Amino acid sequence: MTHLTLPRPGGVLETYTVRNAPLPAPAAGAAPQFNRIAYAAVHVVADPFADNDPWLDIAIDWDKTIAFRHYLWDLGFGVAEAMDTAQRGMGLDWANARTLIRHALEAARSRPGALIAVGAGTDQLAPSPEVTIDDVIRAYEEQIETIEAMGGRIILMASRALAKAAKGPDDYARVYGRILAQVKEPVILHWLGEMFDPALEGYWGSGDHDAAMATCLDVIASHADKVDGIKISLLSKDKEIRMRRLMAAGNTTSGVRMYTGDDFNYAELIAGDAQGYSHALLGIFDAIAPAASAGLARLGAGDAAGFHDILAPTVPLSRHIFKAPTRFYKTGVVFLAYLNGLQDHFTMLGGQQSARSIVHLAELFRLADAARCLKDPELAAARMRKVLAVAGVE
């Protein structure tokens, strides 16, 4: 049995025993088959040996970063590249995102059938009172032109600059109408809620999500031939289901997919109900990829009970990783990659490894064990002890 000392709130230390064997490793060979489209929004691996100022400078281990994409493709996932999970606009700037996108698309071309879509935003444009709607349009156009020239498909990310510049819903309609009229292939829209990024509060021109949803649906209906689907990240299953049903009932939106971005309720949203289901574009799939792959394979084989048996224990882990302040979820994602031997260090762009407490990380370890998401419990415990030692837990 594997034992280690873990802290609890209030300075209490306990001896913890790892209780669960990891899920069986997937068989070598062809990737599993799913009956849902499933993208994992993926993180980047920082270079821990760069001689820089980590809060200010960006240094990426490109080999490890791209190897992680191959790991996800092997498990049957699509890769959602250069999204917020990759610290886009939160440590990863557009210049480095452009390099990341080029490397990832080149890697995808080396694998027949590899699914990849790429985030296009306006993060080269700093939000300010001087920024105009035309500035936002030009920033979007620059990124889309760059990505499409590389052969990438677009995930149209929410824009902080647009949230700052827009005076109301009409400005959103103008920007999205202009952009959607130009894209070469249908895009995935991304409505990222303010719980993930406070700068996006009031997106679509209203602080009321129902009113915002109406504006968003109008945009989709006006350009449905250019919209593959929409990922909403509001951490509300009721809002996602309501929007999913409204799209399904619409004359022009019935073919538009819903991609869940709900890291609190993904299992039931993907499973769906008699009126429909959601596909997935999730940051948590980066962290729980083997479990998510096994569960989705069960669902694809018609075994809904098996899907829930595997995925249900991962939900408390995900809710912990994405707890408020939700924007710090990336720390937990990278920490699990470190525990599971998918990278050799717990270092992040912008020093974001410090964004969660040692108590938070200890509870993450417990929940990962409960979810059978520790690939090698002995290795995970050894690495956990190293992190604990830095925090003074010997």
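Computed from a prediction, not measured in an experiment: that's the story for all the values here.

So, how was this worked out
Residues numbered from 1 in each chain as written. Predicted model: local features only at pLDDT ≥ 70, side-chain atom pairs only at ≥ 80, totals over all residues. Heavy atoms only, no water. Helix = DSSP H or I, 4+ residues; strand = E, 2+ residues; numbered from the N terminus. Rg over C-alpha atoms; globule rule 2.2 N^0.38 Å. Buried < 20%, exposed > 50% of the residue type's maximum accessible area, 1.4 Å probe, protein only. Areas by Shrake-Rupley, 256 points an atom, 1.4 Å probe, with all protein chains shown as cover. Lys, Arg positive; Asp, Glu negative; His and termini not counted. Charge placed at Lys NZ, Arg CZ, Asp CG, Glu CD. Pairing = 2+ DSSP bridges. Axes fitted to C-alpha atoms, helices over the stretch in contact; angles between N-to-C directions. Contact = heavy atoms within 4.5 Å. Core = buried A, V, L, I, M, F, W, Y, C linked by side-chain atoms within 4.5 Å. Salt bridge = Lys/Arg side-chain N within 4 Å of Asp/Glu carboxyl O.

Description of the overall build of the protein chain
- If you tally the helices and strands in the protein chain, you get 15 helices and 10 strands.
- Taking 394 residues into account, the globule formula puts the C-alpha radius of gyration at 21 Å, and the protein chain, at 21 Å, falls close to it.
- For the C-alpha atoms alone, the extent of the protein chain along its principal axes is close to 60 × 50 × 45 Å.
- Sorting the 394 residues of the protein chain into buried and exposed places 54% on the buried side.
- Within the structure as shown, the protein chain displays about 16,000 Å² of accessible surface, and the carbon and sulfur contribution to it stands at 51%.
- Charge centroids of the protein chain, computed over 38 positive and 46 negative side chains, lie 3 Å from each other.

Considerations on the sheet that holds strand 3 (residues 38-41)
- One closed barrel accounts for 8 strands, arranged 3-4-5-6-7-8-9-10; its pairing is parallel. Looking at each pair of strands side by side, their axes are set apart by 30 degrees on average, direction ignored.
- In this sheet, strand 5 (residues 116-120) lies alongside strand 4 (residues 78-81) in parallel orientation, the contact comprising 3 bridges. Bridge assignment links A80 to a residue of strand 5, and that residue is A117.
- Lying on the sheet, helix 3 (residues 133-149) is in contact with strand 5 and strand 6 (154-156); it crosses strand 5 at an angle near 155 degrees.
- Set on the sheet, helix 6 (residues 209-222) makes contact with strand 7 (187-192) and strand 8 (227-233); between it and strand 7 the angle comes to about 170 degrees.

Describing the nonpolar core
- By size, the foremost hydrophobic cluster in this structure holds 126 residues, and its most contacted members are F77, Y176, Y203, F285 and F365.
- Per-element accounting of this core gives the leading share, 8 residues, to helix 2 (residues 94-109).
- Among all residues touching Y203, those that are not within four sequence positions of it are Y140, A158, S159, L162, A163, Y172, Y176, W191 and A212.
- With 10 residues, the next largest nonpolar core counts A80, M157, I188 and L281 among its residues.

Regarding the pattern of salt bridges
- Under the counting rule described, the total for this entry stands at 21 salt bridges.
- For R298, the salt bridge goes to D303, with nearest N and O atoms at 3.7 Å.
- Exposure remark for R298: the relative accessible area of 38% places this residue in the partly exposed category.
- Using a relative accessible area of 29% as the deciding quantity, one classes D303 as partly exposed.
- Residue R383 pairs with D344 through a salt bridge whose shortest N-O separation is 3.8 Å. Taken as a pair, R383 in helix 15 (residues 377-390) and D344 in the loop between helix 13 (329-339) and helix 14 (358-370) lie far apart in primary sequence, 39 residues in all.
- Via salt bridges that share partners, R8, E14, E363 and R366 belong to a single interconnected network.

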